[in-house]
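Summary of structural features
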Amino acid sequence: FRLAGDPVMNMMPTRPRGLSLAALSLEGDVSTFGGSEQDIPASTRLQKARLRLAEAQGIIPAGSSERYQTPGGPPRTTKVRDLTFKVAEPEVQYDPDEAEARLWRQPLRWLRRNVDLFVPLTAFLLRVISDIATDQEEQHRRKRAQELLEIISKLGPAVIKAGQALSSRPDLLPTEYLEELQKLQDRLPPFPNEQAFQVVEAELGVPFDQVFELLEENPIAAASIGQVYKATLRSTGETVAVKVQRPRCEEIISVDLYVLRWYAGLINRILGMLQRDIDVIAVIDDFGELIYREIDYTAEAANAQRFVELYGGLPDIFVPRVYTELSTRKVLTLEWVDGARLVDQRQLEAYRADPTKLVDRLVQCSLRQMLENGFFHADPHAGNLLCTPEGQLCYLDFGMMSYVESNQRYGIIEAVIHLVNRDFTSLASLYQRMGFIPGDVDTQPIIVALEAALPEVLNASVGELNFKNVINKLGDVMYKFPFSLPPYYIAIIRCLGVLEGLALQVDPNSRIINDAYPYIASRLLTDSSPELQAALHKLIFKAGRPRWERLEQLLEVAGSTSDYDVTLAMDQLLDYTLSEQGTEFRRIFAAELVDAVDQLGADTTSYVLKNWRSLSLGQATAALSPTLVALSTGTEEDGVPDPFELAGLPDEDMTPTMLAARRVARTLALSRGFDAERLLPLVRRLVQEPKAQDLGLGIAADTSERIVSRLIRTIFQVPEPV
Ligand SMILES: Nc1ncnc2c1ncn2[C@@H]1O[C@H](COP(=O)(O)OP(=O)(O)OP(=O)(O)O)[C@@H](O)[C@H]1O
């Protein structure tokens, strides 16, 4: 039986027997979803069946199965981008009005909580103020940070989660505090086993011991919301992780949110008097929604299932199976995963795993989550990731997931492009279109501020960028002007911030922007959505003229990503060249080609003339295809023979455009996965494309005109025109 890990089984709230059989008979195709290697028609049918099943279960929206297609061609063109997997909603949602109506009648509870929260925090603040007054703040900083950690860790889940949120805000706190608060993610005093077993019995309806046998007496981790035990299932002997929620967790959180919200109202009023337009109540409400999602393990289980469905099939990614029948709102049972933390150098060495590669895989997987499907793990910190003994990257803890709509995803890629391009006018209008800036605000001062805040940092050497720096600088502008950032954008910033922090912990030399830009470049070159096509054109063409260095850089950078499809990129570029917008580019290219041909000796000219006369550009390209095939076989020093040299064109006769085009051709040919055979459909397209034929005819006509005039000049000894 290989049912564990099967997406169908994982999607089922309960496992009907008949279905297990069906899945069993299809075993072997299971890993094909998500664009893995063996993509065969049978697996497409299987996948459609799975998605229909998931639709019937209400796990994915109706119609998703129909949209799923495996295009012909190699497996990596399989796209799961169009599927929509939104974040699962908790059964009980955060309702501040309901909480207020209920809690204000219980003053004893919130008054006591007020004292619990504010006595230790005020005492702490007074100590810091006294440090500042006696000029000892820096000296005592580590000690104070440890004290704060101690205080917060005793103040319950809501405050702990708020502390965790702060731990990824280097713009607000110094490093010592960040480092200490980051410990909140893992280490917390556990609650007694008896209480945990009571929770399990109340939730599952059977005593803990009847279902599980503990492998370790004490919880292996105690977190803010729950603690995790390592156990075996008495029924099957499988090893599982059982996450049990802290008793009265929801109750405590609702009172904390009520108290925090009351203070937020007070702060709002003070800010109003200072004429600052920040709604702290809304911040608390957003936080409340998030934390209510986290405390509902049924929602977490559903998210884990969606996650495995989307990304479990990616090479080197592992997601533990959820035992849905043993999971409720307060108990979550997962397949046990043996593994090393990404920061545990020694254990990684024992697994012969390369930390740098793991970080790269993590960054690439996160980018795909955010920018392809939109359904992403918003908290990829060290405690939520493991490296399995086989070297796979395992995701844990699906309590903090987020979702970005498709137009928002394109918006983010466009924003990166505008930043790289230093096109702040487009960036400001994009922000306005995305609703970050109200429509009636004059963006001119914002454009000026953006230009001033991001001077040369964003120029050519995109690889040197540091995400934190860019966000801090953008943050300064956003703080000054009336920006309001939607939750998905904050989640993305947080996720990237956490990723960068983790990446730096694992490898101090890593640069996540360095890792991310190739992905953006490859998406730009291969995604056919109108938004990205427009962004690509903006990037590489100016007034119809190609900016060759940009194109070259883009192709080079994109070539380093693992699933970059160079043929798709060429197809896309060809699309542009042959489109209405490409008219100017075609004209320039043809004119320069004519110039070049005109520079050639009479023999070559007449040869070219003869060929251009009888062949369209497409046919000529088709004739050149053996050369293109030769490109991939590689006979020269760098493995790529020069097509222009093969065609007998000396360097000095080439125009700058041709030289640049040659460099681009070489970059394409050197790209990973370049396969000359896959160019044939492109060549066929060129042959049949009327615009390409027009271009060929135009070149032929112009060239013959030049050659006739050159002949006349030669015959009558007329000097060359200056
Ligand atoms: N399936 C598993 N296999 C092995 N270890 C696990 C598994 N699930 C959880 N753990 C361990 O338990 C720890 C806590 O789990 P998890 O992050 O899911 O809990 P949490 O309450 O959501 O934590 P946090 O509040 O820090 O996000 C993990 O860091 C990991 O060490």
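Right, let's walk through the structure included here. Values in this document were obtained by computation on a predicted structure and should not be read as measured data. (Residues numbered from 1 in each chain as written. Predicted model: local features only at pLDDT ≥ 70, side-chain atom pairs only at ≥ 80, totals over all residues. Heavy atoms only, no water.)

**Here's the deal with the sheet that holds strand β9 (residues 393–395)**
- Here we have three strands laid out as an open sheet, ordered β5-β9-β8, and mixed in their pairing. Of all the strands in the sheet, the pair left with one neighbour each is β5 (317–318) and β8 (385–387).
- The sheet contact formed by β5 and β9 spans two bridges and is parallel. For Ile317, the partnering residue across the bridge sits in β9 and is Leu393.
- Running over the sheet, helix α16 (residues 355–373) touches β5, β8 and β9 and is turned about 45° from β9. (Pairing = 2+ DSSP bridges. Helix = DSSP H or I, 4+ residues; strand = E, 2+ residues; numbered from the N terminus. Contact = heavy atoms within 4.5 Å. Axes fitted to C-alpha atoms, helices over the stretch in contact; angles between N-to-C directions.)

**Considering a nonpolar patch on the surface**
- Taken together, the side chains of Trp262, Leu266, Ile270 and Met273 make up a nonpolar region of the molecular surface, amounting to roughly 450 Å² of accessible area.
- Checked against the element boundaries, Trp262 lands in helix α12 (residues 249–273).
- Judged by relative accessible area, which is 52%, Trp262 ranks as exposed. (Patch = residues over 30% accessible without salt bridge, like charges linked within 9 Å, V, L, I, M, F, W, Y side chains within 5 Å. Areas by Shrake-Rupley, 256 points an atom, 1.4 Å probe, with all protein chains shown as cover. Salt bridge = Lys/Arg side-chain N within 4 Å of Asp/Glu carboxyl O. Buried < 20%, exposed > 50% of the residue type's maximum accessible area, 1.4 Å probe, protein only.)

**Brief notes about helix α6 (residues 107–133)**
- Helix length check: α6 (27 residues) gives 37 Å between terminal C-alpha atoms against 39 Å at 1.5 Å per residue, within 8%.
- If you check which residues of α6 are buried, you get Arg113, Asn114, Leu117, Phe124, Val128 and Asp131.
- Just past α6, the residue Asp135 takes up positive phi, approximately 60°. (Expected span 1.5 Å × (residues − 1).)

**A short note on the pairing of strand β4 (residues 239–245)**
- Among the seven residues of β4, six are classified as buried, and the element is accordingly described as predominantly covered.
- Bridge analysis of strand β3 (residues 226–233) against β4 gives seven bridges, and the strand direction is antiparallel. When the sheet's bridge partners are listed, Thr232 is paired in β4 with Thr239.
- Where β3 hands over to β4, the hairpin turn is made up of five residues, of which Gly237 adopts a positive phi near 80°.
- Pairing of β4 with strand β6 (residues 331–335), which is carried by five bridges, proceeds in the antiparallel orientation. Across the sheet, residue Val240 finds its bridge partner in β6, namely Glu335.

**Section: the pattern of salt bridges**
- Overall, the coordinates contain 25 salt bridges when judged by the stated rule.
- Across the pair Arg113 and Asp116 runs a salt bridge whose closest N-O atoms are separated by 3.7 Å. With a gap of three residues between them, Arg113 and Asp116 both fall in helix α6, about one helical turn apart.
- Residue Arg113 is classed as buried on the basis of its relative accessible area, which comes to 11%.
- Put simply, Glu176 and Arg141 hold a salt bridge, and the shortest N to O gap is 3.6 Å. Placement of Glu176 in helix α9 (residues 175–182) and of Arg141 in helix α7 (residues 137–153) is noted, with a sequence separation of 35 residues between them.
- Where salt bridges share partners, they join Arg127, Asp131, Arg144 and Glu147 into one cluster.

**A word on the packing of α7 against α9**
- Where α7 contacts α9, the axes come no closer than 9 Å and their chain directions differ by 35°. By crossing handedness, the relation of α7 to α9 is classed as right-handed. Here α7 contributes Arg141, Arg142, Arg144, Ala145, Gln146, Leu148, Leu149 and Ile152 to the contact with α9, which in turn contributes Glu176, Tyr177, Glu179, Glu180 and Leu181. (Left-handed = near helix turned anticlockwise from the far one by under 90°.)

**Looking at unusual backbone geometry**
- For Asp135, which is not glycine, the phi torsion reads 60° and is therefore positive.
- With respect to the helices and strands, Asp135 occurs in the loop between α6 and α7.
- For Asp135, a relative accessible area of 73% translates into the label exposed.
- Here Arg248, not a glycine, exhibits a phi torsion of approximately 60°, which is positive.
- Note on placement: Arg248 falls in the loop between β4 and α12.

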